[in-house]
Amino acid sequence: MAAVAQRLGLSFRDPGLLAEALTHSSATGLGAALPSNERLEFLGDRVLALLMAEWLIERFPAEREGLLMRRFGTLVAADTLAGLAQRLGLGDDLLVAADPGGPGIQTRPNVLADAFEALLGALYRDGGLDAARPFLRRVFAPLVEAEPARPPLPAKSRLQEWLQGRGHALPVYTLVSSEGPSHAPVFVVAVHAAGREAQGRGDTKRAAELAAAEAWLAGVGT
């Protein structure tokens, strides 16, 4: 854990918190001495929300709540967190059970995103917001500073605007299938709109809906 903390540029008074943050629930069946990172992930999700909201209000002091929410939603989305976790190498540090059916649990976006939030939770438990804030701002800085003057709408909102602008009814999202174990689910969602259908996949229903909306819009050249 000392080597991991050094690589991440962090210092823990209680290294056990870092070890807990990097223990996936699948490893608890292997007799791991630590609990899984689920409780720290629960806490880290709230720490992330508070610190990101605080930062966006500072960064965009004149912006209204609606635009701030757009930026917030993009920055704290699971795929964003998974990308950050991947760049930090958290997947290589995770204690997980072997996954004979795939490349490894630690490569799954939802697992990486949860590990990132668990790390934030561990930092908060170890040193409060003053410990979590510098880390969050360091790793998110390239994303926050690159935020456009006006944040883009997510795919579901863009699809709804496209349909309403042309007099069509609102889209209907339908769950096609849900497969895989609880720690690595795969959802397939279909969206029906204006006589067309498109499907999307994701590790959450929301992610699958967004992917379906993107696929629908791509099909009409937007």
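Residues numbered from 1 in each chain as written. Predicted model: local features only at pLDDT ≥ 70, side-chain atom pairs only at ≥ 80, totals over all residues. Heavy atoms only, no water.

### Side note on the packing of helix α5 (residues 78-88) against helix α8 (residues 129-145)
Here α5 crosses α8 at 110 degrees, and the two axes come no closer than 11 Å. Between α5 and α8, the angle falls in the class roughly perpendicular. Residues T80, L81, L84 and L88 of α5 form the contact with α8, whose participating residues are F135, V139, F140 and L143. (Axes fitted to C-alpha atoms, helices over the stretch in contact; angles between N-to-C directions. Helix = DSSP H or I, 4+ residues; strand = E, 2+ residues; numbered from the N terminus. Parallel < 35°, antiparallel > 145°, perpendicular 65-115°, else oblique. Contact = heavy atoms within 4.5 Å.)

### Description of the layout of surface pockets
The space that makes up the largest pocket amounts to roughly 850 Å³. At the level of secondary structure, the elements contributing two or more residues to the lining of the largest pocket comprise α3 (38-59), α4 (65-75), α5, α7 (109-127), α9 (155-165) and α10 (205-219). Residues of the lining of the largest pocket, tallied by class, amount to 14 nonpolar, five polar and 10 charged. (1 Å grid on protein atoms, 1.4 Å probe; cavity = no way out; pocket = protein on both sides within 12 Å on 5 of 7 lines; lining within 4 Å. Points joined across faces, edges and corners; volume = space filled by probe spheres on them. Nonpolar A, V, L, I, M, F, W, Y, C, P; charged D, E, K, R; others polar.)

### As for the side chain of T23
When you line up the elements, T23 lands in the loop between α2 (15-21) and α3. In this structure the side chain of T23 is engaged in a polar contact, spanning 2.7 Å, whose partner is the backbone oxygen of A19. (Polar contact = N/O pair within 3.5 Å; in protein donor to acceptor, adjacent residues only side chain to side chain.)

### Observations concerning the sheet that holds strand β3 (residues 196-202)
On the basis of which strands lie adjacent, the open sheet formed by three strands has the order β1-β2-β3 and antiparallel pairing. Each edge of the sheet is formed by a strand with only one pairing partner; in this case those strands are β1 (172-179) and β3. Taking the axes of each pair of neighbouring strands and ignoring which way they run, one obtains an average angle of 20 degrees across the sheet. Of the pairings in the sheet, the one linking strand β2 (residues 186-193) to β3 comprises seven bridges and is antiparallel in character. Directly across from A190, in β3, lies its bridge partner Q199. Where α10 meets the sheet, its contacts fall on β1, β2 and β3, and the angle it forms with β3 comes to roughly 140 degrees. (Pairing = 2+ DSSP bridges.)

### Overview of the nonpolar core
M52, L90, F116, F135 and F140 are the most contacted members of the largest nonpolar core, which totals 46 residues. Taken together, the elements giving at least two residues each to this core come down to α1 (2-8), α2, α3, α4, α5, α7 and α8. A per-element tally of this core places α7 first, with 10 residues. (Core = buried A, V, L, I, M, F, W, Y, C linked by side-chain atoms within 4.5 Å. Buried < 20%, exposed > 50% of the residue type's maximum accessible area, 1.4 Å probe, protein only.)

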